[in-house]
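# Structure assessment
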Amino acid sequence: NEVEAKQVASTFDSSNNKIVVAYQDGDNSNKGKAIIGTVSGTSISFGSEVTFNDANTTEINAVFDSTNNKVVIVFRDDGSSDRGTAIVGTVSGTSISFGSEAVFETGATSSVSVGFDSAAGKVVISYSDGGDGNKGKAVVGTVSGTSISFGSIVVFESQNNAADTSTTFDSNSNKIVIAYRDGGNSNFGTAIVGTVSSTSISFGSP
């Protein structure tokens, strides 16, 4: 679509064989939007865009929950005190519909990323908490229907200025790995291993 798309994130819905692209629409008040892509040969075509957040939307990231066959989009809701927020999307054909927004962090949130632990069937969100010295934090999300609920927030980097987080799942060892820039340690690129148990996550050493 010919819009000023920013903060672009994408994921693959393996149950529907569709690409889900989430982005900030710079031509429409920076609203958070999503669109479904269908690959055919070496081409991709798109359905109609759908708004998932009516306010200024930043720090967008997305993942596919293969346990529940849902897409989870995480973002900072600048229209609601910069809270860290998640929403569950359901793909049908070339469109996507959304449940209600769920806040995982009430403080100002940045560097939001998300991964999916397919062994535990859980979503893991990592972020920097601007309301608490920009500490690196993580939280486990459980999708049920079109909703997502969260366990307790866990600190993985207690020094200031954890930033630029990226979260992925190692299916060989069944561990979550969070990579980030450690602003409290000369901005070194750092990684830490997380183990999901039920609705919580514990970490090794950075």
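Definitions and limits used
Residues numbered from 1 in each chain as written. Predicted model: local features only at pLDDT ≥ 70, side-chain atom pairs only at ≥ 80, totals over all residues. Heavy atoms only, no water. Helix = DSSP H or I, 4+ residues; strand = E, 2+ residues; numbered from the N terminus. Rg over C-alpha atoms; globule rule 2.2 N^0.38 Å. Contact = heavy atoms within 4.5 Å. Areas by Shrake-Rupley, 256 points an atom, 1.4 Å probe, with all protein chains shown as cover. Lys, Arg positive; Asp, Glu negative; His and termini not counted. Charge placed at Lys NZ, Arg CZ, Asp CG, Glu CD. Salt bridge = Lys/Arg side-chain N within 4 Å of Asp/Glu carboxyl O. Buried < 20%, exposed > 50% of the residue type's maximum accessible area, 1.4 Å probe, protein only.

### Re the overall build of the protein chain
On a plain count of helices and strands, the protein chain comes out with zero helices and 17 strands. Radius of gyration (C-alpha) of the protein chain: 16 Å, near the 17 Å computed for a compact globule of 206 residues. A principal-axis box enclosing the C-alpha atoms of the protein chain has dimensions of 45 × 35 × 30 Å. Excluding contacts between residues fewer than 6 apart, the proportion of contacts in the protein chain whose partners are at least 24 apart in sequence is 41%. Working note: accessible area of the protein chain is about 8,800 Å², and carbon and sulfur atoms make up 40% of it. Of the charged side chains in the protein chain, 12 are positive and 21 negative, and the gap between their average positions amounts to 4 Å.

### Describing the pattern of salt bridges
What the rule picks out here adds up to nine salt bridges. The shortest N-O distance in the salt bridge between K6 and E4 comes to 3.9 Å. Overall, the relative accessible area of 32% leaves K6 in the partly exposed class. Of the charged contacts, one joins D132 and K137 as a salt bridge, the two residues approaching to 2.9 Å between their closest N and O atoms. According to the relative accessible area criterion, D132 is partly exposed, its value standing at 27%. The exposure class of K137 is buried, given its relative accessible area of 9%. Sharing partners across several salt bridges, the network here consists of D129, D132, K135 and K137.

So, to be careful, I would describe these as geometric facts and stop short of saying anything about function.
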